[in-house]
Amino acid sequence: ARRDVGLAHERRLEAALEARGVPFDREADLRRRGYAKTPDVLLAIPLGVAVSPPERADSGSHRDDEQPRRTTTPPSPGSGGGGGGIQDDGVVHVVNWIDSKAMFGAPPTYHADHRAQLLGYVNRLGAGAVIYWFGFADDLQALDDDILLLSRWPDDDTVFWPDGSPVRRLAEEAATTPDVVEADRSGVGV
């Protein structure tokens, strides 16, 4: 049953990426290609995730309904995160891979099991993110600069392509692009 919950949350992550047109390889694809370390998804194009410094919650943890590290102002293209693009001294984290954990990120589990696994991904694939779908302890976020901890898929206005443009749901893009909408209606170009 635990494995089924884990797989369901991996599919949730994959569905979020697919809904936004983000190209990626699944863990199974990576294993077939001989990767020694396999996160749940390896992004074909790195994404930027804008976050602001964590605000300490009274509970000492982050849940999926409260992720205070978010910022709603996208970075200016070419700004590198500077020039007023990010509010509250926030930064844009580069994310090359994402691992999904259908559990609460508690310090004992993170230190005993997850940290070495995630640092292995960092060493081979660069910076990435882990989604603890049931939240995580505040003090974990500050441990590793190259591992972004999240408790849900980031808000669309905080995820960016390498050129600084926001990653959006494909339906939103189609609704704002008349020729794409027309092509969808005619069945051509779909």
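Quick look at the structure, then.

Rules of the game
- Residues numbered from 1 in each chain as written.
- Predicted model: local features only at pLDDT ≥ 70, side-chain atom pairs only at ≥ 80, totals over all residues.
- Heavy atoms only, no water.
- Salt bridge = Lys/Arg side-chain N within 4 Å of Asp/Glu carboxyl O.
- Buried < 20%, exposed > 50% of the residue type's maximum accessible area, 1.4 Å probe, protein only.
- Helix = DSSP H or I, 4+ residues; strand = E, 2+ residues; numbered from the N terminus.
- Expected span 1.5 Å × (residues − 1).
- Contact = heavy atoms within 4.5 Å.
- Pairing = 2+ DSSP bridges.

Let's talk about the pattern of salt bridges
- Under the definition given, this model contains 11 salt bridges.
- Across the pair Arg33 and Asp25 runs a salt bridge whose closest N-O atoms are separated by 2.9 Å.
- The exposure class assigned to Arg33 is partly exposed, which follows from its relative accessible area of 47%.
- On the accessibility criterion, Asp25 (22% relative accessible area) is partly exposed.
- Through salt bridges that share partners, Glu10, Arg11, Glu14, Glu18 and Arg26 make up one connected network.

Some words on helix α1 (residues 2–19)
- Compared with the 26 Å implied by 1.5 Å per residue over 18 residues, the 26 Å span of α1 between its first and last C-alpha is a close match.
- Turning to α1, the residues buried within the fold contact β1 (24–26), α2 (27–32), β2 (41–51), β4 (91–101) and β5 (128–132).
- Once α1 ends, the next one or two residues include Gly21, with phi positive near 70°.

Some words on the pairing of β4
- When you tally the buried positions in β4, you get eight out of 11 residues, the bulk of the element.
- As paired strands, β2 and β4 are joined by seven bridges and run antiparallel to one another. Across the sheet, residue Leu47 finds its bridge partner in β4, namely Val95.
- In terms of strand pairing, β4 meets β5 through four bridges, oriented parallel. Paired with Ile98 across the strands is Ala129, a residue of β5.

Keep in mind these numbers describe shape, not what the thing actually does.
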